[in-house]
Amino acid sequence: MAIHLKCALTAIFIVVFLWAVPAAAQLKGEVRDGTLVAYAIAVPAATFAGDAKNDLARTITEVLRRDLAFTGYFDVLDEKSFVEGPDVPAEKVNFKNWLQVGAKGLVKVALSGTDPVEMDAQAFTVADGKKLLHKKYKAAPAGLRTATHSFVRDLVYALTGEKLKFFSSRIAFVEKEGKTYKLMVADFDGANAKTILASDKIITLPSWSADGARIFYTAYTSGEPYLYAYDLKAQKATLISDHPGLNTSASASPDGKSIALRLSKDGNAEIYLMNLTTKALTRLTSNLAIDTAPSFSPDGKAIAFVSNRSGDPHIYRLFIDDPGRVERLTDQGRYNQDPDYSPDGRHIVFTGRDEFFMFDLFLFDLQSRTISRITQKQGKNENPRFSPDGKLILFSSDRTGKHTLWVTNLPGDRQMQIYNGTGEAITPAWSPEITLTY
Amino acid sequence: MKKTTIVIAIIAFAALFITPSCRMKPPEEERMLAEKAFRDALSGKDCARENYLAAEELLNQAREAVNAKQYDKAKDLFLAAKKKADEIAEYVRTHPEECNPQAQKKGNGDEVKDAEFTEETVSYDPKNPNMRFPVIHFDFNEATIRDEDIPLIKIMAEWMTNFPEAAIRIEGHADERGSVDYNLSLGERRAQAVRDELLKNGIDTKRLRVVSYGEERPLDPRSTEEAWAKNRRAEFTRAN
C-alpha cells in the first residue's frame, strides 16, 4: 500500500512570511497553588469563505486546538464562553471581547479557494492587539493538516524560541485485528494512519531508522522471528538479521550506521551491535539472564536495556566503549521493562509494575537518580517512546477496554488518546524529525 | 527566564506524582502464596466447588483490600484464601476418583470437551503415533519446569524414542502481562527449559527446534489468573 513521506498530492506549498516576532512575547505560565496555569488561548472556529460551519474549516479548527493542547503550553479556551463570533475577520477583531473571556492569545484562521486552498493564519496577543505571527499557506485540502501543524510549531517558536520537533514526525505501530497483524504508520497525532504491511503471521516491535526513512520490525513470515527493514520510499522490505532464535528489538544508533538488537543465537537473549553495512556483530552483554530491549543514548555511547540478572526484570545501562561495565538503574519495583532514552539523555522512561501489580509508565532521572510516576492506574500502560524533542511520550494503554495509543507530557497531567482503530494498537514507535512537505 | 519558571513548575508538578515507596507495603508474599495455592487447587473446581468458590471470593476480597490500601486486612484475607485453597488441594489428593474427570469422560459430548480442556485429565499413549502432545505450564515470570510436569516431558521423550523420524518444534508462550519484548524471551526460555529436559532424556538436539511466540498466542484470551496460568506454557508440534 502506498505510503510517502511526501504527501501524495501534488500541492504547491507557499509560505508568505509576513510578520513574526521571535520570542518577542514570552509564553507566560503562572503557578497558582502549585499548579501550572497554562497560557490561555482563544481559537475561534476557522472559516471557509466566511463560513465557520464548513467541513474543512471544522477539521482545521479541530487540528489547531488539538495541536495547541499537544504542546502543553496552552489552555485552549472553550468557545462556549466567546462573545465575538468566528465570522469577524482578523482585521476587525475587537480585542476587548477576548480580554473579557480571559484570553491572552488569539488565533484567527481563514480559508478560501478550492484546490489549492489558501489558509491565512494569524496569532495575536490580546492585551495589546499585537500580531505575533502571520502566515499564508496554499495546499491541497489533504495537505492543510500538515500546514496547520507547522503554523502551531512556528507559533510556539515565536512565543518561546523553542522548536518542537514532534510536529514533523510520524509514528509506527502494530495493530492486531483478529488473526491479522498490521504494521501501521500515522502522523504524530494518529491521523492519516496507513497499513504498510499486513500478515496472518506475527509482526512485532517496530522501530525507526535514524533518518526516519526505514522501519525495523520482526516478522514470522518464514516461521522464524527474523528482523526486517521496510523502506517507506521504495515500499520494500529487506531482511536484516536471520540468526537462529530471536532477531528483534532494533534500536538505531544516532549516527545511523548500526543498530543494537536482541539475538538469542548463542542460546540466550543478549544485546548485540550490528553494523548495517557489513552486518558484522559485536556482542554487548554476556550474562546467563535475559538481556533485551536496547535503547541507544542520544550520544551513542550508552544503551539502556532490560535484564533479569537480579531475578526480576530491571532497567540497566551498558557503555559501548567500556565493555563489561553494566550499571543497574532501577531498584524499586519488581518488574521494570521497555526503557527508552530521552533525546536529551537526561531521562529513561520505562514500564513498571507497581505495588498493586498495575503496569504504569515511570520516568528515571539519570541526574538525580530518582523515579517519578507518569500514569496512574488507568489500565495497563506500556511501551513508552519519547517524541523526537523529548516533550511528549507515546504509549499503548488498554484503559478503554482495548489497546489504543496515547500521548502524555512528562508529568503525566495531560494525556490524550491519539489512535483508536478497529484492532488492538500496540508497540508504538516515534520517528525522528522528518522533513514533511505537502 | 520565564521559560525557566515553567520548567520549575513542571518539575514541581511532577514531584507531586512521585509515589512514596516507603509507605506500608502490600502483602506480596502472602499474595503469591495464596495465588500459587489457588492454582494448585484448580482441579478441585468441580469436586470441591463450594470451597473453590469460597477461596476465589477470599482472593478477590484480598485484592480489593490491597487496592483500598488496607494491607493488614489484605494479608489476613490472602492467608485465609491460601488455607481454603490448601484444603481443596488436600481434598483433591484424598478423593482422586471424584476429582479426576476421566471417570466421567464417557458422558455426553460437553463433558468430553471439558475434560479435554484440563490437561491433567488427558491420558497419553507414547505408542500411539497420533498421541496428543502434553502442554507444559509455568509460573509467572518463571521458566523452571514444575515437578509435576517432569512426567509429561518423560512421556514426550518416550514418544520421540518410539518415533525416531519425528522432529518437534517446542513453542514457548507467555501470558499477556509484561512487555511484548520481554515476553518473547520468557517464552523462549520456557521452550528451552523443555528442550533441555528432553535432551536429558536422551533425545537428539537435531530433532528439536525452539520458537517463542511471546504473548501473541494465548490459549485463553481472558485477563484472569486462570487464563494467565493456561497461557504460560510450552507446546509441542510436529516439525516434519
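Residues numbered from 1 in each chain as written. Chains lettered and ligands numbered in written order. Predicted model: local features only at pLDDT ≥ 70, side-chain atom pairs only at ≥ 80, totals over all residues. Heavy atoms only, no water.

(A) Representation of the domain arrangement of chain B. Residue and element names in this part refer to chain B. Under the domain assignment used here, chain B contains domain 1 (23-115) and domain 2 (124-238). Facing the seven residues of domain 1 at the interface are six residues of domain 2. Between domain 1 and domain 2 lies a buried interface of about 510 Å² when both sides are counted; carbon and sulfur atoms form 43% of it. Along the contact surface separating domain 1 from domain 2 lie two salt bridges. Glu225 is paired through a salt bridge with Arg63; the nearest N and O atoms lie 3.4 Å apart. For the pair domain 1 and domain 2, the interface holds two residue pairs in polar contact (both at pLDDT 80 or more). Elements represented by at least two residues in the side of domain 1 that touches domain 2 include exactly α2 (28-40) and α3 (49-67). (Domains from an automatic or database assignment. Contact = heavy atoms within 4.5 Å. Buried area = accessible area lost by both parts, 1.4 Å probe. Salt bridge = Lys/Arg side-chain N within 4 Å of Asp/Glu carboxyl O. Polar contact = N/O pair within 3.5 Å; in protein donor to acceptor, adjacent residues only side chain to side chain. Helix = DSSP H or I, 4+ residues; strand = E, 2+ residues; numbered from the N terminus.)

(B) Expanded view of the sheet that holds strand β1 (residues 135-137) of chain B. Residue and element names in this part refer to chain B. In space, the four strands of this open sheet follow the order β1-β4-β2-β3, with mixed pairing throughout. Single-partner strands in this sheet number two, and they are β1 and β3 (208-214). Across the sheet, the axes of successive neighbouring strands diverge by a mean angle of 20 degrees, strand direction being ignored. In the sheet, strand β2 (residues 168-173) pairs with β3 via six bridges, with the strands oriented parallel. Its bridge partner lying in β3, Gly172 is registered against Ser212. With respect to the sheet, helix α8 (residues 180-200) is in contact with β1, β2, β3 and β4 (233-238), its orientation differing from that of β3 by roughly 155 degrees. (Pairing = 2+ DSSP bridges. Axes fitted to C-alpha atoms, helices over the stretch in contact; angles between N-to-C directions.)

(C) Representation of helix α3 (residues 144-160) of chain A. Residue and element names in this part refer to chain A. Spanning 17 residues, α3 covers 24 Å between terminal C-alpha atoms, matching the ideal 24 Å at 1.5 Å per step. Buried residues dominate α3, accounting for 14 of its 17 residues. Just downstream of α3 lies Gly161, where phi reads positive at about 80 degrees. (Expected span 1.5 Å × (residues − 1). Buried < 20%, exposed > 50% of the residue type's maximum accessible area, 1.4 Å probe, protein only.)

(D) Summary view of the interface of chain A and chain B. Chain A puts 57 residues into the contact, and the matching count from chain B is 42 residues. Interface area for chain A against chain B, summed over the two sides, is near 4300 Å², with a carbon-plus-sulfur share of 57%. At the junction of chain A and chain B, the tally comes to four salt bridges. In this structure, the salt-bridge partner of Glu224 of chain A is Arg169 of chain B, at a minimum N-O distance of 3.8 Å. At the junction of chain A with chain B, the criterion picks out 17 residue pairs in polar contact (both at pLDDT 80 or more). Counting residues per element, the ones that place at least two in the side of chain A that touches chain B are β3 (35-37), β13 (203-208), β17 (247-252), β21 (291-296), β25 (336-341) and β28 (370-373) of chain A. Of the residues in the side of chain A that touches chain B, the class split is 23 nonpolar, 21 polar and 13 charged. (Nonpolar A, V, L, I, M, F, W, Y, C, P; charged D, E, K, R; others polar.)

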